[in-house]
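Chain residues, written in single-letter form:
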Amino acid sequence: MDRLTKIFSYFLCAAGTLALVPGCEKDNGTDIPDREESSITISVSLAPETRSDVTPGDGSYINRCVMQAFTVAEDGTLAAFGEKMTVAVSDKTAAFNDIHLLGGQDYRLIFWADCTNDEAGLGDYIYNTSELPDVRLLSSRITVNDDRCDGFFGIYDIDRENGLPESINVTLKRPFGQLNLFATDYDEAEVIPHSTSLSFIDAGLPVGMNLHTGEIEYSTQLVTSRPSALPVATDDKGAYLGFCYIFAPDDAPYELPAFYLNFVDADGMVIIDPYRFQSGISIQANVKSNVTGALLTENGI
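Structure report, in brief. (Residues numbered from 1 in each chain as written. Predicted model: local features only at pLDDT ≥ 70, side-chain atom pairs only at ≥ 80, totals over all residues. Heavy atoms only, no water.)

**Here's the deal with the environment of phenylalanine 182**
Turning to step 1, where the next piece is worked out: Mapped onto the secondary structure, phenylalanine 182 falls in strand S14 (residues 176–183).
Turning to step 2, where the next piece is worked out: Phenylalanine 182 gets classed as buried once you look at its relative accessible area, which sits at 1%.
Turning to step 3, where the next piece is worked out: Remark: the alpha-carbon pair of phenylalanine 182 and leucine 241, spanning 59 residues in sequence, is separated by 5.5 Å.
Turning to step 4, where the next piece is worked out: For phenylalanine 182, the contacting residues outside a window of four places in its chain are Asp235, Lys237, Gly238, Ala239, Tyr240, Asn290, Val291, Thr292, Gly293 and Leu295. (Helix = DSSP H or I, 4+ residues; strand = E, 2+ residues; numbered from the N terminus. Buried < 20%, exposed > 50% of the residue type's maximum accessible area, 1.4 Å probe, protein only. Contact = heavy atoms within 4.5 Å.)

Below you can see the structure in the form of structure tokens.
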């Protein structure tokens with residue numbers, strides 16, 4: 001890649017984690033007899049508030065948190081225990097109050113936090129959580145330049161031999177890599193786009209994840225995004241042309257399929273030939289992939 005530079009960096013902890021913290025300091029197990037019910041309270045705390053439009057990836061758009069408890073069989077399979085619970089996140093905090101579990105069972109608690117809107121209430125807006133532990137895009141499109149597509153997940157296991165805890169502490173992490181695209185030729189371009197979009201020209205884009213196993217779900221069809229206005233954030237790597245959250249494995253980088261970066265004006269008309277990225281751009285969960293190059297005056301690699 002002689003005309004592009006790829007830079008990978010880990011998300012800043014202050015901007016890239018949600019922490020589930022206990023309501024009290026004690027977290028040792030309580031000896032609850034088999035099948036006897038016990039109550040647990042879970043508090044959720046997010047990073048200090050900053051403006052996401054200016055700093056994509058700070059998590060400030062997260063406004064709901066979902067939790068589903070599962071019992072764990074001897075063979076490791078999960079069975080939902082009770083109903084999925086969803087609570088609002090306000091001022092970067094939320095609480096699951098009076099969670100009832102039965103003693104004598106192994107549990108896996110799975111958490112998902114993301115952004116919803118007023119119309120959806122606390123329901124799904126960008127990501128489909130109706131089949132937890134699977135989470136996937138709610139539509140067949142991805143969205144670019146929109147920090148509302150950020151999200152976090154976490155897992156907490158309860159071993160029957162240790163009893164039910166009185167409080168728990170869980171740190172959530174991203175299931176996404178953040179792809180960032182920067183132009184080094186912004187001042188040389190004859191026209192400047194109002195919006196950008198991505199068009200993947202091969203199948204294989206990650207579109208979902210099993211939060212229990214970490215297994216990624218890949219698209220079997222071509223995936224595109226609608227044009228979205230350029231990010232207002234600034235960066236010394238070049239002019240910020242776009243960013244996108246993409247499900248990604250945690251243990252090793254995943255090479256994205258080939259895609260086009262499209263440039264349009266305020267009316268949605270193409271004004272510059274798209275830039276073609278061949279396969280070779282890699283993403284990894286909770287890692288920023290920064291790609292820089294002459295994206296406005298050249299047409300791809």
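**Comments concerning the sheet that holds strand S6 (residues 78–88)**
Turning to step 1, where the next piece is worked out: Spatially, the four strands line up as an open sheet ordered S6-S5-S8-S11, and their pairing is antiparallel. Each having just a single partner strand, S6 and strand S11 (152–158) make up the two edges of the open sheet. Adjacent strand axes in the sheet meet at a mean angle of 15° when their direction is disregarded.
Turning to step 2, where the next piece is worked out: Inspection of the sheet shows strand S5 (residues 64–72) paired to strand S8 (residues 107–114) by eight bridges, in the antiparallel sense. Opposite valine 66, over in S8, you have tryptophan 112 as the bridge partner. (Pairing = 2+ DSSP bridges. Axes fitted to C-alpha atoms, helices over the stretch in contact; angles between N-to-C directions.)

**Points about the sheet that holds strand S16 (residues 206–210)**
Strand pairing in a sheet is mediated by backbone hydrogen bonds. Such pairs are either parallel or antiparallel.
Turning to step 1, where the next piece is worked out: With antiparallel pairing, the four strands of this open sheet are ordered in space as S9-S10-S16-S17. The open sheet has two edge strands, strand S9 (127–131) and strand S17 (216–218), and neither has a second partner. This sheet shows a mean twist of 25° between the axes of neighbouring strands, independent of strand direction.
Turning to step 2, where the next piece is worked out: Where S16 meets S17, three bridges bridge the pair, whose relative direction is antiparallel. Across the sheet, the residue bridging to proline 206 is tyrosine 218, located in S17.

Keep in mind these numbers describe shape, not what the thing actually does.
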